[in-house]
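So you can see what is in the structure, the chains are spelled out below.
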Amino acid sequence: MLSFVGEDDSGSFGILPGHARMMTLLGFGLARFRVTDQDWEFLALPGALAYFVDDQLYLNTRRYLRGKDYERLSALLRKELL
């Protein structure tokens with residue numbers, strides 16, 4: 001992972017390689033991530049536990065939708081995950 005952007009109760013945040021170990025609860029909504037030389041991908045989540053350690057991000061959630069089309073995932077989030 002090159003970059004991750006998500007949101008928890010404190011607001012929006014980003015994680016880059018080398019970030020300190022952390023754990024937080026992501027809220028309902030869209031997160032995005034990018035790996036080297038690729039476009040942003042989006043994750044529609046009804047909430048998740050995010051744990052970052054040793055440059056690895058682990059997400060624990062019951063359901064998620066993943067894709068590159070922000071508009072489509074946003075609509076699916078409202079329709080399917082609510």
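Residues numbered from 1 in each chain as written. Predicted model: local features only at pLDDT ≥ 70, side-chain atom pairs only at ≥ 80, totals over all residues. Heavy atoms only, no water.

A. Structural view of a nonpolar patch on the surface. Together, Met23, Leu25 and Leu49 make up an exposed nonpolar region whose accessible area comes to about 300 Å². Of note, Leu49 is situated in strand β6 (residues 48–53). A relative accessible area of 31% places Leu49 in the partly exposed class. (Patch = residues over 30% accessible without salt bridge, like charges linked within 9 Å, V, L, I, M, F, W, Y side chains within 5 Å. Areas by Shrake-Rupley, 256 points an atom, 1.4 Å probe, with all protein chains shown as cover. Salt bridge = Lys/Arg side-chain N within 4 Å of Asp/Glu carboxyl O. Helix = DSSP H or I, 4+ residues; strand = E, 2+ residues; numbered from the N terminus. Buried < 20%, exposed > 50% of the residue type's maximum accessible area, 1.4 Å probe, protein only.)

B. View of the sheet that holds strand β3 (residues 22–26). If you walk across this open sheet you meet the three strands as β3-β6-β7, and the pairing is antiparallel. Sheet topology places β3 and β7 (56–60) at the edges, where each strand pairs with a single neighbour. Sheet twist, expressed as the average angle between the axes of neighbouring strands with direction ignored, equals 20°. Across five bridges, β6 lies against β7 in antiparallel orientation. Pairing of Phe52 across the sheet is with Leu57, part of β7. (Pairing = 2+ DSSP bridges. Axes fitted to C-alpha atoms, helices over the stretch in contact; angles between N-to-C directions.)

C. Representation of the pairing of strand β2 (residues 11–15) in the model. Inspection of the sheet shows strand β1 (residues 3–8) paired to β2 by five bridges, in the antiparallel sense. Across the sheet, residue Gly6 finds its bridge partner in β2, namely Phe13. The hairpin turn running from β1 into β2, its antiparallel successor, is two residues long.

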